[in-house]
Amino acid sequence: MSIVYLNGEFIPIEEARISVLDRGFLFGDGVYEVIPAYGGHLLRLREHLRRLQNSLDAVRLHNPLSVQQWMDVLQQIIKRNDAVDQSVYLHISRGVAAKRDHAFPAETRPTVFVMSNPLYPMDKNDLMQGVAAITLDDIRWRACNIKATALLANAMLRQQAVDAGAAEAILIRDGYATEGAASNVFIVRNNILITPPNSPSLLPGITRDLVLELAQQQGIACDERAISESELKHADEIWLTSSTREILPVITLDNHPVGKGVSGPIWHCMIDVFQDYKAKLRRGDMRDE
Ligand code: PDD
């Protein structure tokens, strides 16, 4: 049975209850993080907590826990759930107000919720088969750098991709690729790894930063710059990155093959380096906090 954390208590998920007046429920008024843990070791915890703080600041929510308290809660959740690898979801909403009103109430106690799901990372042979993606107009708001729980646009875009038999939607704003519905996007052109720079148009992905760091260590040329829709469509390789999907090669875009229509050589190099990084973390050979 899955054990979750809700407002100071560790309880079975079936017993977790929140009020219907919770602003997270009524307005999607909250922020969240998803942090992978390999063999009990959280990946890039400090970076995730820093991004959480940025999201909280942006929506004017006080951080209810200190860094040490977050570390303790997250470690407890991992210990109390048995999967070797887990994806830990943490969520802070503005809490319960006396009545429904768009403006923030003068005083609320944030609702703090943490749960864990088993993470079954695919091995290289499965991953290298790649996935299909489609391009869609980025209909989201202008503050996509905030990891907000209000994800209706992202959910609608992902569903449109699923309906089209694809694994992800790559979003286009004003003629440029921003990111996936729940992932960051990279392309390879002429052996250069390119990803859009961080801006309010996209989430500053933790996996994105790690991939850039590891690629640079491998001597792969990297460029953080805007990717036009036409450049995306003519890319040699396209990858999607996220905490749960890691590095996923896209082999068809809008039903056309990407490059040669198979996962490309730079992806093959990066996935080995990334799997190695995870294996070291899982074995406890390296701390990533
Ligand atoms: N989402 N962009 C969006 C819109 C995302 O939702 C995510 C991740 C990312 C990748 O960020 P990171 O590498 O830090 O996971 C980019 C998570 C996994 C989710 O919502 O479940």
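Residues numbered from 1 in each chain as written. Predicted model: local features only at pLDDT ≥ 70, side-chain atom pairs only at ≥ 80, totals over all residues. Heavy atoms only, no water.

Trainee: Whenever I open this one, unusual backbone geometry confuses me. Can you help?
Mentor: In terms of backbone geometry, most residues other than glycine have negative phi values and most peptide bonds are trans. Its identity as a non-glycine residue notwithstanding, Arg60 has a phi of 60°, on the positive side. Tracing the chain through its elements places Arg60 in the loop between α2 (45–58) and α3 (67–80). Its identity as a non-glycine residue notwithstanding, Asp174 has a phi of 50°, on the positive side. Positionally, Asp174 belongs in the loop between β8 (168–173) and β9 (176–180). (Helix = DSSP H or I, 4+ residues; strand = E, 2+ residues; numbered from the N terminus.)

Trainee: Sorry if this is basic, but what is going on with the pairing of strand β5 (residues 85–93) here?
Mentor: Remember that side chains alternate between the two faces of the sheet whenever the strand is regular. For β5, a buried count of nine out of nine residues is recorded, marking the element as mostly surrounded by other parts of the structure. Side chains of β5 alternate between two faces, with Asp85, Ser87, Tyr89, His91 and Ser93 and Gln86, Val88, Leu90 and Ile92 buried alike. Sheet analysis places β5 next to strand β6 (residues 111–118), joined by eight bridges and oriented antiparallel. Across the sheet, the residue bridging to Ser93 is Thr111, located in β6. (Buried < 20%, exposed > 50% of the residue type's maximum accessible area, 1.4 Å probe, protein only. Pairing = 2+ DSSP bridges.)

Trainee: Before we go on, may I ask you to explain α2 in this structure?
Mentor: Because an α-helix completes one turn every 3.6 residues, residues spaced three or four positions apart along the sequence face the same direction. For α2, with 14 residues, the first-to-last C-alpha span of 20 Å sits near the 20 Å given by 1.5 Å per residue. Among the residues of α2, those classed as buried are Leu45, His48, Leu49, Arg51, Leu52, Ser55 and Leu56. Projected onto a plane normal to the axis of α2, the buried residues spread over an arc of 160° and lie on a single side. Against the buried residues of α2 lie β3 (30–38), β4 (41–42), α3, β5 and α6 (206–217). A positive phi of about 60° marks Arg60, the residue just after α2. (Expected span 1.5 Å × (residues − 1). Arc of directions from axis to C-beta. Contact = heavy atoms within 4.5 Å.)

Trainee: Just to check I follow, could you spell out the sheet that holds strand β1 (residues 3–6) for this structure?
Mentor: In a beta sheet, neighbouring strands are held together by backbone hydrogen bonds and run either parallel or antiparallel to one another. With respect to topology, six strands assemble into an open sheet ordered β2-β1-β6-β5-β3-β4, the strand pairing being antiparallel. Edge positions in the open sheet fall to β2 (9–12) and β4, since each of these has one partner strand only. Here β3 runs beside β4; their pairing, made up of two bridges, is antiparallel. Looking at the pairing, Ala37 lines up with Leu42 of β4. Together, β3, β4 and β5 form the strand contacts of α2, whose direction differs from that of β3 by roughly 175°. Along the sheet face, α3 touches β1, β2, β3, β4, β5 and β6 and points at about 135° away from the line of β5. (Axes fitted to C-alpha atoms, helices over the stretch in contact; angles between N-to-C directions.)

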